[in-house]
Amino acid sequence: MSDIHDLYDFLKKLDYFDIGTNENKNKITLQHVSPPFHEKTSIYQEPAFLAVSLESLAFLNKKFAAIMKYLGKFPDIALYIVDSPYRYTIQIKYDVSEEEATKLSQVVAAQTVAHQREVCRMIGCSEPRFVHHSTLETRADYVHLQQRLERFFEVEPAFQSVVQHFCEFYLTRIRDEMKCSVDKAVNLSRQYLLAELTAVGILNGLDYPAMLYPGKIDSISGFLELELPEDIATYYRDFKFASLRNNRRKKK
């Protein structure tokens, strides 16, 4: 079971910088693009955003440095910081109040961004644009889309199935760390996915038509394959999700 001190132990990792003096053996490659299309590398011709999961080591130090090198393939890039939805993870893992979870998510987000800025400085790359979920959710179009997705979820079995599979996958990953009830965890994980899908639609409208993530997210791919009502579909027109692979190159 998780203890809140586990989160503070993670915060200490953000004060430690390790990019090494030798060649970085981490190498990012394009794994899969959804919806599938003939020439997946054409995604490099468009702006994109990288979804940064908080409390994930995949976005720190050498691994993050490799990601930043890879992002140079794109004409424009933004780092999407999933701060507000992360409070749901904190509530599931530590069973704290929504207010405390919100405060903790803001602390982790701020220190993660500070860490990533310093890594960028150390490797000599330009600082990327950071876009916080908490900023996006203040927009009127975000509120409108979120409400539409909630109503769509209530009536569409195919969407319910996508959300259910996400909840099962999400909670399986952290089952040994859960401190809240299963029913509460399912509800919070559902809110997490709906919030992230809403942000994806808004970022697409802000001219970032592709989402990048170091790993597969079947719920995003599955959602993009649904037959969506026109007033929802317009937010995801021509949007793509690209999963990335981090290969650890062997020493020569």
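Quick note: structure is the one above.
Residues numbered from 1 in each chain as written. Predicted model: local features only at pLDDT ≥ 70, side-chain atom pairs only at ≥ 80, totals over all residues. Heavy atoms only, no water.

## Brief notes about the environment of Phe-239
If you trace the backbone, Phe-239 turns up in the loop between α10 (230-233) and β6 (240-248). Sequence separation of Phe-239 and Ala-48 is 191 residues, and the distance between their C-alpha atoms is 9.9 Å. The contact partners of Phe-239, leaving out residues within four places of it in the chain, are Ser-34, Pro-35, Phe-49, Val-200, Asn-204, Tyr-208, Pro-209, Ala-210, Met-211 and Leu-224. (Helix = DSSP H or I, 4+ residues; strand = E, 2+ residues; numbered from the N terminus. Contact = heavy atoms within 4.5 Å.)

## Describing the environment of His-132
Mapped onto the secondary structure, His-132 falls in strand β4 (residues 129-132). Of the residues examined, His-132 reaches a relative accessible area of 22% and is grouped as partly exposed. As a C-alpha pair, His-132 and Phe-74 span 58 residues in sequence and 20 Å in three-dimensional space. Once residues within four sequence positions are removed from consideration, His-132 is found in contact with Ile-81, Asp-83 and Val-113. (Buried < 20%, exposed > 50% of the residue type's maximum accessible area, 1.4 Å probe, protein only.)

## Let's talk about the packing of aromatic side chains
In the structure shown here, the tally under the stated rule is 13 aromatic pairs. With a centroid separation of 6.1 Å and 50° between ring planes, the pair formed by Phe-59 and Tyr-213 is classed as tilted. One end of the pair, Phe-59, is in the loop between β2 (48-52) and α2 (61-71); the other, Tyr-213, is in strand β5 (residues 210-213), with 154 residues separating them in the sequence. The same class applies to Phe-59 and to Tyr-213, which are both buried. Here a set of aromatic residues connected by ring pairs shows up, and it is made of Phe-152, Phe-153, Phe-159, Phe-223 and Tyr-236. Of note, Lys-73 hangs over the ring of Tyr-44, and the distance from its end group to the ring centre comes to 5.3 Å. (Phe/Tyr/Trp six-rings, centres within 6.5 Å; stacked < 30°, edge-to-face > 60°. Lys NZ or Arg CZ within 6 Å of the ring centre and 35° of its normal.)

## Some words on the pattern of salt bridges
Scanning all chains against the criterion turns up 14 salt bridges. Across the pair Arg-87 and Glu-98 runs a salt bridge, and its minimum N-O distance is 3.9 Å. Here Arg-87, found in helix α3 (residues 83-94), pairs with Glu-98, found in helix α4 (residues 98-123); they are eleven residues apart in sequence, far enough to count as distant. For Arg-87, a relative accessible area of 14% gives the class buried. For the salt bridge of Asp-231 with Arg-148, the shortest nitrogen-to-oxygen distance reads 2.3 Å. (Salt bridge = Lys/Arg side-chain N within 4 Å of Asp/Glu carboxyl O.)

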